[in-house]
Amino acid sequence: MRTLGMLLVLLLLASAARGQKTSEMVFAPDGASYVVSGKDVVRRDDQLVIYSPEKYRKDPPNASGVDVYVVGGKVVEIRDRAKAVYLDGKSDPGPVAIGKEGFVLSAHGAARRWIIAHLKVGDAVRIAGSTESAAEVPPAAQLPCFPGAYYRKAVSSFDRWTGIIGVVKLGQPQTDPARLDPKDGQPLDNFSVYMGGRAGEQEIDAGLTWSFSVDEKGKRSAVRDAWHPFWRNERWAEAPAQPEFYWRPGDVVTMAVLVAGPGKLRLVVADAGPQPKRIFQTEFDARGFQPRIPRQFKRVNAIDQRYNEGKPAQPTEAQVTGAEWLEVHLLRGEGATAVRLPMTRARLTDMRCPSPEHVRVVVTDEARGAEKIDIRGKAK
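Undergrad: Could you clarify how one ought to interpret the overall build of the chain in this entry?
TA: Summing up its helical and strand segments, the chain has four helices and 24 strands in all. For 380 residues, the compact-globule estimate of 2.2 N^0.38 gives 21 Å, and the chain sits close to it at 22 Å. A buried classification covers 54% of the 380 residues belonging to the chain. Contacts in the chain between residues far apart in sequence, at least 24 positions, make up 68% of those at least 6 positions apart. Accessible surface for the chain amounts to roughly 17,100 Å². Of this, 52% is attributable to carbon and sulfur atoms. The chain carries 55 positive and 46 negative side-chain charges, and their two centres are separated by 1 Å.

Here it is as C-alpha cells:
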C-alpha cells in the first residue's frame with residue numbers, strides 16, 4: 001500500500017487556512033516531517049534537537065535516544081544508542097565521532113521512532129521553516145463522554161490545526177439479532193469510522209458509515225454490508241449510491257478532513273489498496289471553521305444506536321472488530337506545504353465511552369499514531 005504517496009496527493013488537494021507563524025521541521029525523503037524542539041539545548045522526552053559539531057562534542061545527549069550525523073545534507077551515520085542499551089542489553093556505543101562540518105539530529109521517544117521509520121544512511125535531509133505555530137496547545141487530560149453510543153474517540157487540542165489525515169483498515173461489524181427496529185426490521189445498532197472536528201460552537205462528523213450498498217445495476221442490498229462516505233454539519237448527507245463509493249471490511253482507505261477555506265471543510269476518502277483511482281471527495285459548509293478560530297480535530301470508531309442520542313448506551317451484543325489505524329497525522333499549513341504531525345498520545349485526548357471495558361486499543365506504532373481498535377457492546 002502506497003499510503004504515504006496517497007497522503008501527499010491529498011495534501012495537494014487541500015486548501016488550508018493561512019496565517020501561521022514559522023518554525024523549523026526536519027523533512028525526510030518520503031515527505032514525512034518532525035518538528036525541531038531546539039538547537040544546542042537539552043534533549044527532553046519525545047523531542048528532536050539539532051546539535052552543532054562544537055556543542056555535540058562538548059556536551060552530547062545521553063544514551064536514551066538515537067543520533068544522526070548529517071554532512072552536506074545527507075545522513076552519513078545513524079547510531080541508535082537507546083536500542084543498544086535498553087532493547088539489546090548491550091553497552092552504550094557512545095556518541096557519534098563527528099568532524100567539523102554538518103550537524104547531529106538527536107531524538108528521543110516518539111522522535112526516535114520517527115527517525116528509525118523515515119531515515120537511513122545516504123538519505124537527503126532537509127530542514128526548513130513550516131507554517132506551524134510556535135508552540136502547540138496540549139490536549140485536555142480527559143473529556144466527558146457524550147451518551148448514546150459505544151465509541152473510541154481520539155481528539156486533539158483546540159489549536160491552529162488545518163486538518164486531519166490517516167490511513168485505516170476497516171473493521172468487521174456484527175449486529176445483535178435481538179435488537180431490531182419494529183418499524184423496519186433493521187438493527188438498532190449501526191457502525192461508523194470517521195473524522196471531523198469542532199470550531200466555535202459547531203461539531204462536524206465526516207467519514208464512513210455502515211450502509212446498504214448497490215450493485216452495478218443499482219440494486220440495493222437487503223442489509224447493511226459496506227462502508228459508505230457521509231458528512232454531517234447542520235444536516236446529514238451521504239455520497240452518491242454508486243458502486244465505486246462502497247468499501248468492505250478489511251479494505252484500507254485514506255481518509256482526510258481538511259480546511260478548504262473560511263467556513264468550509266473537505267472530506268476525502270480514497271482507496272489505499274489496489275484501486276487508487278477510487279476517490280470520493282466533497283466540500284461542505286462548516287460555518288464555525290473561520291480564520292483565527294481555534295480548531296479541534298478527531299478520529300472516531302463507533303457503535304451508533306438509533307433513537308438513542310443523548311441517552312445511556314443500551315445493552316447490546318453488537319461489536320465491530322479488526323479496525324486498525326495505520327497512521328494518523330494532524331495538519332498545519334496550506335496545500336502542499338502543510339506539515340504533518342503524527343497524532344501521538346502527546347497530541348490527543350483518549351476517550352473510551354461509555355466506559356473503557358467496551359473498547360480495546362492496542363498501540364502498534366506510536367510515532368505514526370497507529371493502533372488497533374475493537375469495540376464491543378458486551379464487555380469481555
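Undergrad: Explain the sheet that holds strand β22 (residues 349–353) to me, please; I cannot follow it from the model alone.
TA: Adjacent strands of a sheet pair through backbone hydrogen bonds, lying either parallel or antiparallel. Here we have seven strands laid out as an open sheet, ordered β15-β14-β13-β12-β19-β9-β22, and antiparallel in their pairing. Looking at strand neighbours, the two that pair on one side only are β15 (236–238) and β22, the edges of this open sheet. Between one strand axis and the next, the sheet turns by 20 degrees as a mean value, whatever way the strands run.

Undergrad: How do you make sense of the side chain of Arg266 when you look at a structure like this?
TA: Topologically, Arg266 is positioned in strand β17 (residues 264–271). Arg266 gets classed as buried once you look at its relative accessible area, which sits at 12%. Among the polar contacts made by the side chain of Arg266, one reaches the side chain of Glu283 at a distance of 2.9 Å.

Undergrad: In this structure, what is going on with the packing of aromatic side chains? I would like to understand it.
TA: The geometry of an aromatic ring pair is captured by the separation of the ring centres together with the interplanar angle, meaning the angle of the planes. Taken as a whole and assessed by the stated rule, the structure comprises nine aromatic pairs. Ring centres of Tyr194 and Phe230 lie 5.8 Å apart, and the angle between their planes is 75 degrees; this geometry places the pair in the edge-to-face category. Here the residue Tyr194 occupies a position in strand β12 (residues 189–199), and Phe230 occupies one in strand β14 (residues 226–232), the gap between them amounting to 36 residues. Residue Tyr194 shares its accessibility class with Phe230, and that shared class is buried. Ring geometry for Phe230 and Trp236: centres 4.6 Å apart, planes at 10 degrees, overall stacked.

Undergrad: Where do I start with the nonpolar core in this structure?
TA: For soluble globular proteins, the rule of thumb is that nonpolar side chains tend to be buried together. Within the largest apolar cluster, 69 residues are counted, with the highest numbers of intra-cluster contacts made by Leu48, Leu105, Trp114, Leu208 and Trp227. With nine residues, the next largest nonpolar core counts Ala149, Tyr151, Val300 and Ala302 among its residues.

Undergrad: Looking at this model, I keep getting lost on the pairing of strand β10 (residues 163–169). Mind explaining?
TA: A regular strand places its side chains on the two faces of the sheet in alternate fashion. Of all the seven residues making up β10, six are buried; the element is thus mostly covered by neighbouring parts of the structure. Sheet analysis places β10 next to strand β16 (residues 252–261), joined by seven bridges and oriented antiparallel. The residue of β16 that forms the bridge with Gly163 is Leu258. In this sheet, strand β20 (residues 319–332) lies alongside β10 in antiparallel orientation, the contact comprising seven bridges. Note on β20: the bridge partner recorded for Val168 is Trp325.

Undergrad: I'm lost on the pattern of salt bridges in this one. Help?
TA: Two side chains of opposite charge can pair, provided their charged atoms sit close to one another. Taken as a whole and assessed by the stated rule, the structure comprises 31 salt bridges. The salt bridge partner of Arg232 is Asp205, with a shortest N-O separation of 2.5 Å. In this pair, Arg232 is assigned in strand β14 and Asp205 in strand β13 (residues 202–211), connecting sequence segments 27 residues apart. The exposure class assigned to Arg232 is partly exposed, which follows from its relative accessible area of 33%. The structure contains a network of salt bridges with shared partners spanning Arg198, Glu201, Glu203, Asp205, Arg232 and Lys298.

Undergrad: Hey, could you run me through the sheet that holds strand β4 (residues 48–51) in this one?
TA: The five strands are arranged β3-β4-β7-β5-β6 in an open sheet whose pairing can be described as mixed. Lying at the two open borders of the sheet, with one neighbouring strand each, are β3 (38–39) and β6 (74–80). Across the sheet, helix α4 (residues 110–118) lies against β4, β5 (65–71), β6 and β7 (103–108), angled at about 120 degrees from β7, the strand it touches most.

Undergrad: Please clarify how the environment of Leu188 should be interpreted in this entry.
TA: Topologically, Leu188 is positioned in the loop between β11 (172–174) and β12. Between the C-alpha atoms of Leu188 and Arg306, which are 118 residues apart in sequence, the distance is 5.3 Å. Other than its neighbours up to four places away in sequence, Leu188 contacts Arg179, Leu180, Asp181, Asp304, Gln305, Arg306 and Tyr307.

Undergrad: Before we go on, may I ask you to explain the environment of Thr344 in this structure?
TA: Here Thr344 shows up in the loop between β21 (339–342) and β22. Judged by relative accessible area, which is 5%, Thr344 ranks as buried. When the C-alpha atoms of Thr344 and Pro29 are compared, they prove to be 21 Å apart, with 315 residues separating the residues in sequence. The contact partners of Thr344, leaving out residues within four places of it in the chain, are Glu366 and Ala367.

Undergrad: Honestly, the confidence of the model for the chain in this entry has me stumped. Any pointers?
TA: In regions of low pLDDT, the predicted coordinates are not meant to be interpreted in detail. Looking at the chain as a whole, the pLDDT averages 90, with 91% of positions reaching at least 70. Note on residues 12–22: pLDDT is under 50 here. Beyond four places in sequence and across chains, it has 37 contacts.

Conventions adopted
Counting restarts for each chain: residues are numbered from 1 in the order of the written sequence. Only residues with pLDDT of at least 70 are given local features in this predicted model, and only at 80 or more are side-chain atom pairs given and counted; all residues enter the totals for whole chains, interfaces and linings. Processing note: side-chain calculations cover all non-hydrogen atoms of the structure and skip hydrogens and water entirely. Numbering of helices and strands runs from the N terminus; a helix is a DSSP stretch of H or I covering at least four residues, while a strand is a stretch of E covering at least two. Each radius of gyration is computed over the set of C-alpha atoms, and the globule rule expresses the reference value as 2.2 Å times the number of residues to the power 0.38. Summary of the burial criterion: residues with accessible area below 20% of their type's maximum are buried, those above 50% are exposed, and those between are partly exposed, where the area comes from a 1.4 Å probe applied to protein chains only. We call two residues in contact when some of their heavy atoms are within 4.5 Å. Areas reported as accessible are Shrake-Rupley estimates using a 1.4 Å probe. Residue values count occlusion only from the protein chains shown. Under this rule, positive means Lys or Arg and negative means Asp or Glu; His and the chain ends count for nothing. For the purpose of locating charges, the reference atoms are NZ of Lys, CZ of Arg, CG of Asp and CD of Glu. DSSP calls a pair of strands paired once it identifies at least 2 bridges connecting them. Axis definition: a line fitted to C-alpha atoms, over the contacting stretch in the case of helices. Angles run 0 to 180 degrees between N-to-C directions. Here a polar contact means two N or O atoms within 3.5 Å. Within protein one must be a hydrogen donor candidate and the other an acceptor candidate, and residues neighboring in sequence count only if both atoms are side-chain atoms. Stacked, tilted and edge-to-face are the three classes assigned to paired rings of Phe, Tyr and Trp, where Trp is represented by its six-membered ring and a pair needs centres within 6.5 Å; plane angles under 30 degrees give stacked, over 60 edge-to-face, the rest tilted. Only buried residues count toward a nonpolar core. Its members are Ala, Val, Leu, Ile, Met, Phe, Trp, Tyr and Cys residues joined through side-chain atoms within 4.5 Å. One speaks of a salt bridge when a side-chain nitrogen belonging to Lys or Arg is within 4 Å of a carboxyl oxygen belonging to Asp or Glu. Residue-level confidence of the predictor, termed pLDDT, takes values from 0 up to 100.

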